[in-house]
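Remarks on the overall topology
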Amino acid sequence: MSLLSRILFFFIFFSLIVGCSVREMPALCQSDCVQPYGTILGSSPRGVNAYSNCQSKCVNYKPNRFNDVYTGIKWQCVEYARRWLLKNKNAVYGDVETAADIWDKVDHLTHITTNNKIPLESRLNGSIHSPQVGDLLIYARAFYDTGHVAVVVNIDHEKGIIEVGEQNHSNKLWPGNYSRTIEFIIKGERYWLLDSYLLGWKHIVD
């Protein structure tokens with residue numbers, strides 16, 4: 001094969017690969033993006049990047065893996081929470097159809113190395129227990145018809161705010177090492193997070 005033929009072959013091959021990739025990307029992941037799909041929005045204090053999902057209606061069924069472990073489909077909220085737990089706890093939760101299902105259908109994490117089950121406790125908003133770093137905030141199905149999950153990445157008791165990490169919420173660039181803040185109040189010795197649709201938080205029982 002001549003040099004010119006080789007160049008032509010690789011050009012055609014590359015064009016086909018790129019063309020397939022573009023065609024496979026759903027239209028809703030390419031239009032009206034808050035930030036372009038796949039853009040790094042920010043990183044949590046423990047170094048877990050969050051990526052833009054373009055907009056809330058985008059669903060790209062391509063799977064993501066971290067350290068050869070499946071974390072979910074790109075770049076949904078469920079994927080971020082699972083990847084955060086994998087990186088920081090070396091554990092993941094099982095498959096769910098929607099983020100809201102984590103509340104009722106997930107009662108443990110599985111340790112990647114030992115395969116041991118780590119219990120998760122459901123704490124309703126208004127719990128006597130304060131949220132802690134690593135807790136998963138779970139939102140009702142009425143939110144986007146799927147619910148939502150965010151990870152508590154920092155708590156400031158003096159200011160009465162919780163900082164969270166997440167994907168596919170606003171798809172905006174993070175203002176710091178967190179996606180957004182949520183105010184909370186303590187009333188009757190119970191912690192109330194002032195956020196619509198929030199059911200409560202899943203806590204890792206050490």
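Note that the structure is predicted; figures quoted are calculated from it, not measured.

1. Some words on the overall build of the protein chain
Across its full length, the protein chain holds three helices and 13 strands. Relative to its 206 residues, the protein chain shows a buried fraction of 45%. For the protein chain, contacts bridging at least 24 residues in sequence account for 51% of all contacts bridging at least 6. If you sum the accessible surface of the protein chain, you get close to 11,400 Å²; carbon and sulfur atoms cover 55% of it.

2. Some points on the environment of W84
Inspection of the secondary structure assignment puts W84 in helix 2 (residues 77–89). Placed 36 residues apart in sequence, W84 and V48 show a C-alpha to C-alpha distance of 6.1 Å.

3. Some thoughts on the state of the cysteines
Applying the stated criterion across every chain, the model contains two disulfides. C29 shares a disulfide with C58; S-S distance 1.9 Å. Between C29 and C58, the S-S torsion sits near 95°, and that sign places the bridge as right-handed. Pair noted here: C29 is in the loop between helix 1 (3–24) and strand 1 (40–43) and C58 is in the loop between strand 2 (49–51) and strand 3 (63–66), with a separation of 29 residues, a long-range link. Each of the two residues, C29 as well as C58, counts as buried. Across the protein chain, the disulfide pattern expressed with sequentially numbered bonded cysteines is 1-4, 2-3.

4. A short note on the pattern of salt bridges
The full count for this structure, using the stated rule, is seven salt bridges. Of the charged contacts in the structure, one is a salt bridge between E121 and R123, with a shortest N-O distance of 2.6 Å. Residue E121 is classed as partly exposed on the basis of its relative accessible area of 33%. One connected set of salt bridges, linked through shared partners, spans D101, K105 and R141.

5. Details of the pairing of strand 1
Of the strand pairs in this sheet, strand 1 and strand 2 are connected by three bridges, and their pairing is antiparallel. Residue pairing in the sheet places I40 in a bridge with Y51 of strand 2. Here strand 1 folds back onto strand 2, and the loop between the two strands holds five residues, one of which, G47, carries a positive phi near 75°.

6. Here's the deal with the environment of Y37
Position of Y37 among the secondary structure elements: in the loop between helix 1 and strand 1. For the pair formed by Y37 and K74, sequence separation is 37 residues and the distance between their alpha carbons is 9.5 Å. Only 3.0 Å separates the side chain of Y37 from the side chain of N60, close enough to count as a polar contact.

7. Topic: the layout of surface pockets
Approximately 500 Å³ is the volume attributed to the largest pocket. For the largest pocket, the lining is made up of 22 residues, of which I73, Q76, E97, T98 and T146 are closest to its centre. Elements with a contribution of two residues or more to the lining of the largest pocket: strand 4 (69–73) and helix 2. The greatest single-element share of the lining of the largest pocket, amounting to four residues, is contributed by helix 2. Along the lines of polarity and charge, the residues of the lining of the largest pocket split into nine nonpolar, eight polar and five charged.

8. Some thoughts on unusual backbone geometry
Residues apart from glycine generally show negative phi values, whereas peptide bonds are mostly found in trans. In this structure, D32 is a non-glycine residue whose phi angle is positive, near 55°. When you line up the elements, D32 lands in the loop between helix 1 and strand 1.

9. A few points about the confidence of the model for the protein chain
Scored by pLDDT, the protein chain comes out at a mean of 91, with 89% of its residues at no less than 70. Scored below 50 in pLDDT, residues 3–23 shows two contacts in the model against residues more than four places distant or in partner chains.

The rules behind each value
Per-chain numbering applies: the sequence of each chain, read as written, is numbered from 1 onward. Local features in a predicted model are, by the rule used here, given only for residues with pLDDT of at least 70; side-chain atom pairs are given and counted only at 80 or more, and totals for whole chains, interfaces and linings are based on all residues. The side-chain figures draw on all heavy atoms in the structure; neither hydrogens nor water molecules are used. Each helix corresponds to a stretch of at least 4 residues labelled H or I by DSSP, and each strand to a stretch of at least 2 residues labelled E; elements are numbered beginning at the N terminus. Burial here depends on accessible area, computed with a 1.4 Å probe over protein chains only, as a share of the maximum for the residue type. Under 20% is buried, over 50% is exposed, and the range in between is partly exposed. A contact between two residues is defined here by any heavy atoms of the two lying within 4.5 Å. Every accessible area reported is derived by Shrake-Rupley at a probe size of 1.4 Å, with residue values counting cover from the shown protein chains alone. The term disulfide is used for any two cysteine sulfur atoms that are within 2.5 Å. The salt bridge definition used is simple: a Lys or Arg side-chain nitrogen within 4 Å of an Asp or Glu carboxyl oxygen. Strand pairing is assigned whenever DSSP detects at least two bridges linking the two strands. Each polar contact in these results corresponds to two N or O atoms within 3.5 Å; when the atoms are within protein, one needs to be able to donate a hydrogen and the other to accept it, and residues that are neighboring in sequence are counted only if both atoms are side-chain atoms. Site definitions follow a grid-based scheme: protein atoms alone, a 1 Å grid, a 1.4 Å probe that fits but cannot get out for cavities, and for pockets an open set with protein on both sides within 12 Å along at least five of seven lines, plus lining residues having an atom within 4 Å of a point. Grid points are joined across faces, edges and corners, and a volume is the space filled by probe spheres set on the points. For this classification, Asp, Glu, Lys and Arg are treated as charged, while Ala, Val, Leu, Ile, Met, Phe, Trp, Tyr, Cys and Pro are nonpolar and the rest, including Gly, are polar. pLDDT is a per-residue confidence score from the predictor, ranging from 0 to 100.

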